[in-house]
Amino acid sequence: YGMTKSRVALKNRVDQIWLPLEQAVPCGLIINELVSNALKHGFPESRTGTVTVELAALERGHLCLLVDDNGVGLSSSIDPKVAKTLGLQLIVNLVQQIKGDLVIGQTEGSGCCVSVIFPTPCGTAFGSEE
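Attention in this report is confined to the structure presented alongside it. (Residues numbered from 1 in each chain as written. Predicted model: local features only at pLDDT ≥ 70, side-chain atom pairs only at ≥ 80, totals over all residues. Heavy atoms only, no water.)

## So, the overall build of the protein
Of the regular secondary structure elements, the protein holds two helices and seven strands. When the helices and strands of the protein are read in sequence order from the N terminus, they spell out β-β-α-β-β-α-β-β-β. Sorting the 130 residues of the protein into buried and exposed places 34% on the buried side. (Helix = DSSP H or I, 4+ residues; strand = E, 2+ residues; numbered from the N terminus. Buried < 20%, exposed > 50% of the residue type's maximum accessible area, 1.4 Å probe, protein only.)

## Examining the sheet that holds strand 1 (residues 8-14)
Strand order in the open sheet formed by five strands is 1-3-4-6-5, and the pairing between neighbours is mixed. In the strand order of this sheet, the two ends are held by strand 1 and strand 5 (101-106), each with one partner. Ignoring strand direction, the axes of neighbouring strands in this sheet form an average angle of 10°. Note that strand 1 and strand 3 (residues 49-58) share seven bridges and pair parallel. Paired with Arg13 across the two strands is Glu54, which belongs to strand 3. Where helix 1 (residues 21-41) meets the sheet, its contacts fall on strand 1, strand 3, strand 4 (62-69) and strand 6 (112-119), and the angle it forms with strand 4 comes to roughly 15°. Of the strands in this sheet, strand 5 and strand 6 are in contact with helix 2 (residues 86-97), which crosses strand 5 at around 145°. (Pairing = 2+ DSSP bridges. Axes fitted to C-alpha atoms, helices over the stretch in contact; angles between N-to-C directions. Contact = heavy atoms within 4.5 Å.)

## Notes on the state of the cysteines
Within the structure shown, the criterion is met by zero disulfides. Here Cys113 is not cross-linked by a disulfide; its sulfur's nearest cysteine counterpart is in Cys112, at 7.2 Å. Exposure remark for Cys113: the relative accessible area of 27% places this residue in the partly exposed category. (Disulfide = S-S within 2.5 Å.)

## Digging into helix 1
For helix 1, built from 21 residues, the straight-helix expectation of 30 Å at 1.5 Å per residue is met to within 8% by its first-to-last C-alpha distance of 30 Å. Every buried residue belonging to helix 1 is among Gln23, Pro26, Cys27, Ile30, Glu33, Leu34, Val35, Ser36, Ala38 and Leu39, and all of these are buried. Of the surrounding elements, those touching the buried residues of helix 1 are strand 1, strand 3, strand 4, helix 2 and strand 6. (Expected span 1.5 Å × (residues − 1).)

## Remarks on the nonpolar core
Grouped together as the largest cluster of nonpolar side chains are 25 residues, with contacts concentrated most on Ile30, Val51 and Phe118. Those elements that provide at least two residues to this core are helix 1, strand 3, strand 4, helix 2 and strand 6. Here this core gets six residues from one element, more than from any other, and that element is helix 1. Residues contacting Ile30, with those up to four places away along its chain left out, are Leu65, Leu94, Val95 and Ile98. (Core = buried A, V, L, I, M, F, W, Y, C linked by side-chain atoms within 4.5 Å.)

## Points about a nonpolar patch on the surface
A cluster of nonpolar side chains, namely Leu21, Val25 and Leu29, defines an oily patch on the protein surface of about 280 Å² accessible area. With respect to the helices and strands, Leu29 occurs in helix 1. The class for Leu29 is partly exposed, based on a relative accessible area of 40%. (Patch = residues over 30% accessible without salt bridge, like charges linked within 9 Å, V, L, I, M, F, W, Y side chains within 5 Å. Areas by Shrake-Rupley, 256 points an atom, 1.4 Å probe, with all protein chains shown as cover. Salt bridge = Lys/Arg side-chain N within 4 Å of Asp/Glu carboxyl O.)

## Examining the environment of Gln97
Structurally, Gln97 is set in helix 2. Along the chain, Gln97 and Cys27 lie 70 residues apart, while their C-alpha atoms are 9.9 Å from each other. Excluding residues within four positions of it along the chain, Gln97 makes contact with Glu22 and Pro26.

Read these as geometric descriptors, not functional statements.
Okay, here's the thing in structure tokens:
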């Protein structure tokens with residue numbers, strides 16, 4: 001998107017988690033869409049900031065995927081639940097595919113935070129932190 005590392009920093013806080021292919025692919029596509037949207041729309045002109053991607057294990061067999069930015073935020077006129085954009089429709093469908101719950105925190109002028117809470121399937125493995 002023509003941005004330099006000095007304009008928008010990318011931070012990853014990802015636990016070492018191995019997912020089955022049926023969840024890994026949708027998670028990767030969700031992350032790609034959310035980060036792309038943040039870079040395209042969240043940092044116009046010469047605005048600087050940070051995009052953070054997190055994936056963490058929660059209690060009771062669930063995972064939390066979070067993409068957060070401190071860009072310009074979503075316009076108050078956008079309702080993510082009824083959005084007609086291809087990107088948001090794709091995210092909603094992918095979240096449904098992994099049986100997750102989607103929460104979009106939108107505050108115009110102070111960034112956007114999107115979280116997906118989804119169950120860990122049988123076969124999910126967690127690595128040790130070193």
